[in-house]
Amino acid sequence: MKSLGVLVALCAFVAVQGFAQNIPIVKPSKRTVVTPPVVDSVQFDPSFSCDPENRITCGSCSSVMICNYEGNKVGGYDCSSVDPSRPYCIGNGICSGTPADGCNVKSDLCPTADYFYPVPSNCSELVYCDDKQTAIKISSPSSTAIFNYAIQSWTLRVAPSDCFQINCEAAGQLDKWYAYKPSPQLSIYCSSQGPMTFVCANEADVFNEAKKTCEFACSKEGNFPYPGDSSQYYFCLSDGKGGFQKLVNACLSGFTFDSDAKKCVKSTPALPGA
């Protein structure tokens, strides 16, 4: 009886093993439709579309887009979020430091087009911002030459202090503003993606680091308009040391400052019905 019990158990084990090794795969009679998630955390360019043959592609000049075989966007990421030094997508989900052909990406070192601007971290380099505000880096023709933004040219470096540089990659620099000392009409912001250059809208303004904004600065003696308020004006007076003192004067009642005359003139009353 004991031998019979063992034989029955052995036969059952063999039968189970045989069954387990021959389980047929049943194909589903109806395809299960899975709705892709909504992708809204990355900004994609509408002109870029999913490629069913390549599920990882570019979603814009600066982002990678992940698609399913249905041609739906299901995910993606900005190249700069992976490596700030490779902010551009150049195809097949590959990020690069150089934009792909046809991608005219504006550089954050280019506040305006068709002009030269400094490279904040290197006074011996500049960028030419073309008509599309794409930055083209140019190195100094000499080890003793530095870029002079004010005259848009290279000038001779006389003292070490002539070379003004801002290293946004240094510790503690993130989210800080700096006036570009050689030409304070410019300001540099250290972002998580690297330095960004800004220029004051008004030619007479300079960047105030404490206020983090542009404001009028005296460059010569005289009277100058006060932005947004014609009832007062700036009065610039030499301090006798090569600098200037800035004062704010108010016009008399009934007078407003005339920018052309550079003085307060009697206000012209508004005509009835005007």
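Nothing here was measured: the structure is a model prediction, and the numbers come from that model.

Participant: What am I meant to see in the overall build of the protein chain here?
Facilitator: Of regular secondary structure, the protein chain possesses two helices and 20 strands. Burial analysis of the protein chain (274 residues in total) assigns 26% to the buried set. Pairs at least 24 residues apart make up 31% of the contacts formed inside the protein chain by residues separated by at least 6 positions. Summing over all exposed atoms, the protein chain offers an accessible surface of approximately 18200 Å²; the carbon and sulfur share of this is 55%.

Participant: Looking at this structure, I do not really get the sheet that holds strand β7 (residues 122–129). What am I missing?
Facilitator: Within a sheet, neighbouring strands are paired by backbone hydrogen bonds and run either parallel or antiparallel to one another. Across the sheet, three strands lie side by side as β6-β7-β8; this open sheet has antiparallel pairing. Looking at the sheet topology across the chains shown, the edges are occupied by β6 (115–119) and β8 (135–139). Averaged over all pairs of adjacent strands, the angle between their axes in this sheet comes to 35 degrees, without regard to strand direction.

Participant: Quick question: what am I supposed to make of the pattern of salt bridges here?
Facilitator: Pairs can form between side chains of opposite charge once their charged atoms are near each other. According to the stated counting rule, one finds four salt bridges in the structure shown. The residue Glu209 makes a salt bridge to Lys181 at a minimum N-O spacing of 3.0 Å. Of this pair, Glu209 sits in the loop between β14 (205–208) and β15 (213–216) while Lys181 sits in the loop between β11 (177–179) and β12 (186–191), and the two are 28 residues apart along the sequence. Between Glu215 and Lys211 there is a salt bridge, and its shortest N-O distance comes to 3.2 Å.

Participant: Even after reading the chapter, I still don't get the packing of aromatic side chains, so can you show me in this structure?
Facilitator: Note on aromatic pairs: each is described by the distance of the centres and the angle between the planes. Throughout the structure, instances matching the rule amount to 13 aromatic pairs. Centre to centre, the rings of Phe116 and Tyr128 are 5.3 Å apart; their planes meet at 55 degrees, and the pair counts as tilted. Of this pair, Phe116 sits in strand β6 while Tyr128 sits in strand β7, placing them 12 residues apart in sequence. Classification of Phe116 by relative accessible area gives partly exposed; the value is 29%. A relative accessible area of 24% means that Tyr128 is categorised as partly exposed. On the numbers, 6.2 Å between centres and 75 degrees between planes, the contact of Phe147 with Trp154 is edge-to-face. Pairwise contacts between aromatic rings join Trp177, Tyr189, Phe198 and Phe207 into one cluster.

Participant: Please explain the pairing of β12 as it appears in this structure.
Facilitator: Taken residue by residue, a regular strand's side chains alternate between the two faces of the sheet. Counting buried positions along β12 gives six out of six residues, so the element sits mostly inside the fold. Burial of the side chains of β12 extends over both faces: Leu186, Ile188 and Cys190 are buried on one face and Ser187, Tyr189 and Ser191 on the other. Inspection of the sheet shows β11 paired to β12 by three bridges, in the antiparallel sense. By the bridge assignment, Tyr178 is partnered in β12 with Ile188. Linkage of β11 to β12, two consecutive antiparallel strands, is achieved through a turn of six residues. Inspection of the sheet shows β12 paired to strand β13 (residues 194–199) by six bridges, in the antiparallel sense. Bridge assignment links Cys190 to a residue of β13, and that residue is Pro195. Counted along the chain from β12 to the antiparallel partner β13, the turn is two residues long.

Rules behind the numbers
- Residues numbered from 1 in each chain as written.
- Predicted model: local features only at pLDDT ≥ 70, side-chain atom pairs only at ≥ 80, totals over all residues.
- Heavy atoms only, no water.
- Helix = DSSP H or I, 4+ residues; strand = E, 2+ residues; numbered from the N terminus.
- Buried < 20%, exposed > 50% of the residue type's maximum accessible area, 1.4 Å probe, protein only.
- Contact = heavy atoms within 4.5 Å.
- Areas by Shrake-Rupley, 256 points an atom, 1.4 Å probe, with all protein chains shown as cover.
- Pairing = 2+ DSSP bridges.
- Axes fitted to C-alpha atoms, helices over the stretch in contact; angles between N-to-C directions.
- Salt bridge = Lys/Arg side-chain N within 4 Å of Asp/Glu carboxyl O.
- Phe/Tyr/Trp six-rings, centres within 6.5 Å; stacked < 30°, edge-to-face > 60°.

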